[in-house]
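Observations on the three-dimensional arrangement
Listed below are the residues making up each chain.
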Amino acid sequence: VASMIGALLACLFVFLGFGSHRSEIIIGVFMTLLPGLMITNFMREIIVGDWLSGMIKLAEALLIAIGIALGAGIVLAVL
């Protein structure tokens, strides 16, 4: 939902003339939403030897990233 709102606001602001590059604004919004710490913890868990915990954290990080991409993709496809 947050990525949908961010993409929608980016398109709106570019349309109103407050920005010039819609894609750069959307990338800036995504940087705060991406699960970077979760990916780091996944690697740490794998290195320590906790395979199950590491794989669960990897799956969670991938699902979050897919949700972020789908949210913005839906808005951009509609507009």
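Look above for the structure.
Definitions and limits used
Residues numbered from 1 in each chain as written. Predicted model: local features only at pLDDT ≥ 70, side-chain atom pairs only at ≥ 80, totals over all residues. Heavy atoms only, no water. Helix = DSSP H or I, 4+ residues; strand = E, 2+ residues; numbered from the N terminus. Rg over C-alpha atoms; globule rule 2.2 N^0.38 Å. Buried < 20%, exposed > 50% of the residue type's maximum accessible area, 1.4 Å probe, protein only. Contact = heavy atoms within 4.5 Å. Areas by Shrake-Rupley, 256 points an atom, 1.4 Å probe, with all protein chains shown as cover. Phe/Tyr/Trp six-rings, centres within 6.5 Å; stacked < 30°, edge-to-face > 60°.

Points about the overall build of the protein chain
The secondary structure content of the protein chain amounts to 4 helices and 0 strands. Scanning the protein chain from its N terminus toward the C terminus, one meets helices and strands in the order α-α-α-α. Its C-alpha atoms give the protein chain a radius of gyration of 16 Å, clearly above 12 Å, the size a compact globule of 79 residues would have. Seen along its three principal axes, the alpha-carbon backbone of the protein chain occupies a region of about 50 × 20 × 15 Å. Evaluated residue by residue, the protein chain yields a buried proportion of 22% over its 79 residues. Contacts in the protein chain between residues far apart in sequence, at least 24 positions, make up 50% of those at least 6 positions apart. Counting every atom, the protein chain has about 5,500 Å² of accessible surface; 76% of that belongs to carbon and sulfur.

With respect to the packing of aromatic side chains
All chains considered together, the criterion is met by 1 aromatic pair. Residues F13 and F18 carry aromatic rings whose centres are separated by 6.0 Å and whose planes lie at 90° to one another, so their mutual orientation is edge-to-face.

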